[in-house]
Amino acid sequence: GAGVSQSPRYKVAKRGQDVALRCDPISGHVSLFWYQQALGQGPEFLTYFQNEAQLDKSGLPSDRFFAERPEGSVSTLKIQRTQQEDSAVYLCASSLRGAGGRETQYFGPGTRLLVL
Amino acid sequence: AQSVTQPDIHITVSEGASLELRCNYSYGATPYLFWYVQSPGQGLQLLLKYFSGDTLVQGIKGFEAEFKRSQSSFNLRKPSVHWSDAAEYFCAVARNQAGTALIFGKGTTLSVSS
C-alpha cells in the first residue's frame, strides 16, 4: 500500500483481556513509531524502532505494554491485562531513514481501543 | 523539558476569512517544528515543517507558518479558509536533534462557518 496501515481499526476489549494491534509501515521505511492519543489530547510517544531494534521505549506507560518488530517491517503493539485507562487511539508512524529530527513521520489512521 | 502549547482549544472561522492558529514551544536549542492536520477517522497529515533557514515556511493546502525565536512561536496561517479545512490541527516539536519522538500540543479544533 501507499501509506501506513493499521489493523484492526476498532477494538473493544473487556477489562483484563490482552490485545494486539498491528502496524504495516510504508515499504522500505527504516523507522517506526507508536503513539497513544487519548480523547481530546495530542498524541504521546510510546516507543521507537529502527529496523528491528527497539531503540527507545521510554514512553510505554507500564510493563503491560510491549512492542515488537521482529523482521524490521510489520510491528505489533501488545497490551496485556487491559484497563479502562488504556482506552485511546493508538497511532503508528514510519519514516524513511533512521532517527533524525528532520525526518517526516507518516501516520496511519490509528486503532481505536475501547476497554469496557 | 520540551513542550508545546496550543492556547486555543477551538476556533470558528467564516469561510473565506483568514486563519491563524497559535503554537508556542519550549526547547533549548534550535527546534524542529511541525504542523499536522487530523480529520475525523484519518491519520495525521503533515502540513509543513521548519528546520532552519527562512523563518516563513510554505506547506500544502495553502498553509504557511512563521518561526519566531524571540517569541518561541510557530503560528500557522492561511489567508482564506475553505470549509474542507475544518479539522483538528496539531503543532509538534522533535524531542531532540535525533528526533526519535515528536512532542505534540493538545490540538486546536477548527470549525468553518458558511
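Reference entry: report on the structure contained in this document. As the structure is a computational prediction, the values presented were derived from the model and not from experiment.

Residue and element names in this part refer to chain B. Position of Thr108 among the secondary structure elements: in strand S12 (residues 108-113). Residue Thr108 is classed as buried on the basis of its relative accessible area of 0%. A polar atom in the side chain of Thr108 sits 3.5 Å from the side chain of Gln6. Of the polar contacts made by the side chain of Thr108, one reaches the backbone oxygen of Asp8; its length is 2.5 Å. Residues contacting Thr108, with those up to four places away along its chain left out, are Gln6, Asp8, Ile9, Ile11, Leu21, Ala87, Glu88 and Tyr89.

Within strand S6 (residues 44-50) of chain B, 5 of the 7 residues are buried, which leaves the element mostly enclosed by the surrounding structure. Connecting strand S5 (residues 33-38) of chain B to the antiparallel partner S6 of chain B that follows it, the hairpin turn spans 5 residues, and Gly41 of chain B within it adopts a positive phi of roughly 75°.

Applying the stated rule across the entire model yields 2 disulfides over all chains. For Cys23 of chain A, the disulfide goes to Cys92 of chain A, at an S-S distance of 1.8 Å. On the sign convention where negative is left-handed, the bridge of Cys23 of chain A and Cys92 of chain A, at about -65° about the S-S bond, is left-handed. With a gap of 69 residues between them, Cys23 of chain A in strand S3 (residues 19-24) and Cys92 of chain A in strand S9 (residues 88-95) connect regions that are remote in the sequence. Exposure class is identical for Cys23 of chain A and Cys92 of chain A. Each is buried. The residue that forms a disulfide with Cys23 of chain B is Cys91 of chain B, at a sulfur-sulfur distance of 2.0 Å. Residues Cys23 of chain B and Cys91 of chain B share a disulfide whose torsion about the S-S bond is about -65°; that sign makes it left-handed. In this pair, Cys23 of chain B sits in the loop between strand S3 (19-21) and strand S4 (24-26) while Cys91 of chain B sits in strand S10 (residues 87-94), placing the two residues 68 residues apart along the sequence. A relative accessible area of 0% places Cys23 of chain B in the buried class.

Here the structure, examined in full by the defined rule, presents 8 salt bridges over all chains. Linking Asp24 of chain A and Arg22 of chain A is a salt bridge whose minimum nitrogen-to-oxygen distance equals 2.7 Å. On the basis of relative accessible area, Asp24 of chain A is assigned to the partly exposed category, the value being 23%. For Arg22 of chain A, a relative accessible area of 38% translates into the label partly exposed. As a salt-bridge pair, Asp8 of chain B and Arg22 of chain B come within 2.9 Å of each other at their nearest N and O atoms. Of this pair, Asp8 of chain B sits in the loop between strand S1 (3-5) and strand S2 (10-14) while Arg22 of chain B sits in the loop between S3 and S4, and the two are 14 residues apart along the sequence. Within the structure, one salt-bridge network assembled from shared partners comprises Glu64, Glu66 and Arg77 of chain B.

Reading the values: the criteria
Residues numbered from 1 in each chain as written. Chains lettered and ligands numbered in written order. Predicted model: local features only at pLDDT ≥ 70, side-chain atom pairs only at ≥ 80, totals over all residues. Heavy atoms only, no water. Helix = DSSP H or I, 4+ residues; strand = E, 2+ residues; numbered from the N terminus. Buried < 20%, exposed > 50% of the residue type's maximum accessible area, 1.4 Å probe, protein only. Polar contact = N/O pair within 3.5 Å; in protein donor to acceptor, adjacent residues only side chain to side chain. Contact = heavy atoms within 4.5 Å. Pairing = 2+ DSSP bridges. Disulfide = S-S within 2.5 Å. Salt bridge = Lys/Arg side-chain N within 4 Å of Asp/Glu carboxyl O.

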